[in-house]
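# Survey of secondary and tertiary structure
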Amino acid sequence: MKRAIFPGSFDPITSGHHDIITRGVKLFDELIIAIGVNSDKKYMFSLEERKKFIEDSFKDNPNIKVVTYEGLTVHFCQENDVEFILRGLRNPADFEFEKAIAHTNRDLAPIETVFLLTAASTSYISSSIVRDVIRNNGDYTKLVPDTVRVKEK
């Protein structure tokens, strides 16, 4: 069984993430969306909210599993018999950053990284842009799946 992990903080999941997941799940028998926990990072959405956004987006796809993890992604892969890491690339800067991580991961464990280019229609979207739009009361709904909803304050 070919299993892959798509790691990230998903704060929140964006339409770009959704696109990569939808296309990536066709390449593997199981795709694990792994929400990394970093206690040093301040998140806009709680871990439970981020997990629910993703679970609700893919509730009808039994080949997608959503989990949380701490520590190195390659350690998670080794502990869970995952042989591939899936990553999305929006631009050349993403490639350079992700390439360095992929080489490091391969030095640490026999894990291959698979890259998918984001769709042209979502290549400008990042979680940090979405958070900025939300903070400034903009219409974020065009940038995220329908399952992402901000609670009114």
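Residues numbered from 1 in each chain as written. Predicted model: local features only at pLDDT ≥ 70, side-chain atom pairs only at ≥ 80, totals over all residues. Heavy atoms only, no water.

## Some details on the nonpolar core
For soluble globular proteins, nonpolar side chains are generally found buried alongside one another. Spelled out, the test is: What makes a nonpolar core is a set of buried Ala, Val, Leu, Ile, Met, Phe, Trp, Tyr and Cys residues whose side-chain atoms join them at distances within 4.5 Å. Throughout this description, buried means an accessible area under 20% of the type-specific maximum (1.4 Å probe, protein chains only), exposed means over 50%, and partly exposed covers the range between. Helical segments are the DSSP runs of H or I of at least four residues, strand segments are the runs of E of at least two, and each set is numbered from the N terminus. In this description, contact between two residues means that some pair of their heavy atoms is separated by no more than 4.5 Å.
Ranked by size, the top nonpolar core spans 27 residues in total, and within it Phe-6, Ile-13, Ile-21, Leu-31, Ile-33 and Ile-54 carry the most contacts. Elements supplying a minimum of two residues to this core: strand 1 (3–8), helix 1 (15–24), strand 2 (30–36), helix 2 (47–57), strand 3 (64–69), strand 4 (84–89) and helix 5 (127–135). Top contributing element to this core by residue count: strand 2, with three residues. When neighbours within four sequence positions are excluded, Phe-6 is seen to be in contact with His-17, Ile-20, Ile-21, Leu-31, Ile-32, Ile-33, Ala-34, Leu-86, Arg-87 and Gly-88. Membership of the second largest hydrophobic core comes to 12 residues, among which are Val-67, Tyr-69, Cys-77 and Val-82.

## Focus: the UniProt feature "site: Transition state stabilizer" (unreviewed entry) in the chain
This is how it is decided: UniProt positions are given in the numbering used here, feature names are shortened, and annotations may be inferred rather than shown by experiment.
Under the feature "site: Transition state stabilizer" (unreviewed entry), the UniProt entry names His-17. Here His-17 is to be found in helix 1. With near-sequence residues (within four places) excluded, His-17 lies in contact with Phe-6, Phe-10, Pro-12 and Ser-127.

## With respect to the UniProt feature "domain: Cytidyltransferase-like" (unreviewed entry) in the chain
In the UniProt entry, the feature "domain: Cytidyltransferase-like" (unreviewed entry) is given for residues 5–132. Span residues 5–132 is 40% helix and 23% strand, its end C-alpha atoms 27 Å apart.

## Section: the pattern of salt bridges
Worth spelling out the cut-off: Whenever Lys or Arg places a side-chain nitrogen within 4 Å of a carboxyl oxygen from Asp or Glu, that contact is recorded as a salt bridge.
By the definition in use, this model includes 11 salt bridges. In this structure, Asp-94 and Arg-90 form a salt bridge, with 2.9 Å as the shortest nitrogen-oxygen distance. Taking relative accessible area as the criterion, Asp-94 reaches 15% and is therefore assigned buried. A salt bridge links Arg-106 to Glu-112; its shortest N-O distance comes to 3.8 Å. Classification of Arg-106 by relative accessible area gives partly exposed; the value is 42%.

## Some remarks on the packing of aromatic side chains
Here is the rule: By convention, a stacked pair of Phe, Tyr or Trp rings (six-membered ring in the case of Trp) has centres within 6.5 Å and planes under 30 degrees apart, an edge-to-face pair has planes over 60 apart, and any other such pair is tilted. Counting as a charge over the ring demands two things of the Lys NZ or Arg CZ atom: a distance within 6 Å of the ring centre and an angle within 35 degrees of the ring normal.
One pass over the structure, following the stated rule, counts five aromatic pairs. Between the aromatic rings of Tyr-69 and Phe-76, the centroid separation amounts to 5.2 Å while the plane-to-plane angle is 45 degrees, which identifies the pairing as tilted. The ring of Tyr-43 carries the charged tip of Arg-50 above its face, separated from the ring centre by 3.8 Å.

## Some thoughts on the environment of Leu-143
By the secondary structure assignment, Leu-143 is in the segment after helix 5. C-alpha separation for the pair Leu-143 and Ile-125, spaced 18 residues apart in sequence, amounts to 6.7 Å. When sequence neighbours within four positions are dropped, the list of residues in contact with Leu-143 reads Thr-14, Ser-15, Tyr-124, Ile-125, Val-130 and Val-133.

## Let's talk about the confidence of the model for the chain
Put simply, the test is: How sure the predictor is of each residue is captured by pLDDT, a score from 0 to 100.
Mean pLDDT over the chain works out to 94, with 99% of the residues at or above the 70 mark. Mean pLDDT across the secondary structure elements of the chain bottoms out at helix 4 (residues 92–108), with 94, and peaks at strand 3, with 98.

## Thoughts on the pairing of strand 1
Note the threshold: Paired strands, in this sense, are two strands between which DSSP finds at least two bridges. We call a crossover right-handed when, viewed with the strands running away from us, the connection from the first strand over the helix to the second turns clockwise.
Judged by how many residues are buried, strand 1 sits mostly within the fold: five of six residues are covered. Looking at chain direction, strand 1 and strand 2 are connected through six bridges and run parallel. Residue pairing across strands places Arg-3 opposite Glu-30, the latter belonging to strand 2. For the segment spanning strand 1, helix 1 and strand 2, crossover handedness is right-handed. Of the pairings in the sheet, the one linking strand 1 to strand 4 comprises two bridges and is parallel in character. The partner of Ala-4 across the bridge, within strand 4, is Phe-84.

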